[in-house]
Amino acid sequence: MGVHTQEKLDREWVELIKEAKDLGLTLEEVYAFLQQKRK
């Protein structure tokens, strides 16, 4: 994965986390949700 692609993914994750926090979710809740979806 190239640097530019990684930076884009990093920015997208940061935005996702910010949006989750704005909705009142904790990082633990986001992590639990992501783990649940992987099963």
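Everything below is about the structure printed above this text.
Keep in mind it's a predicted model, so treat the numbers as computed, not measured.

1. Details of the pattern of salt bridges
Following the criterion strictly, the structure yields one salt bridge and no others. A salt bridge links Lys18 to Glu15; the shortest N-O distance between them is 3.9 Å. You can see Lys18 and its partner Glu15 sitting in helix 1 (residues 3-22), three residues apart, about one turn around the helix. Lys18 gets classed as partly exposed once you look at its relative accessible area, which sits at 47%. You can call Glu15 partly exposed: its relative accessible area is 41%.

2. Considerations on a nonpolar patch on the surface
Residues Trp13, Leu16, Phe33 and Leu34 make up a contiguous nonpolar surface patch of roughly 370 Å² in combined accessible area. The set of elements that each furnish at least two residues to the nonpolar patch consists of helix 1 and helix 2 (27-38). Residue placement: Leu16 occurs in helix 1. Its relative accessible area of 38% is what places Leu16 among the partly exposed residues.

Rules used throughout
- Residues numbered from 1 in each chain as written.
- Predicted model: local features only at pLDDT ≥ 70, side-chain atom pairs only at ≥ 80, totals over all residues.
- Heavy atoms only, no water.
- Salt bridge = Lys/Arg side-chain N within 4 Å of Asp/Glu carboxyl O.
- Helix = DSSP H or I, 4+ residues; strand = E, 2+ residues; numbered from the N terminus.
- Buried < 20%, exposed > 50% of the residue type's maximum accessible area, 1.4 Å probe, protein only.
- Patch = residues over 30% accessible without salt bridge, like charges linked within 9 Å, V, L, I, M, F, W, Y side chains within 5 Å.
- Areas by Shrake-Rupley, 256 points an atom, 1.4 Å probe, with all protein chains shown as cover.

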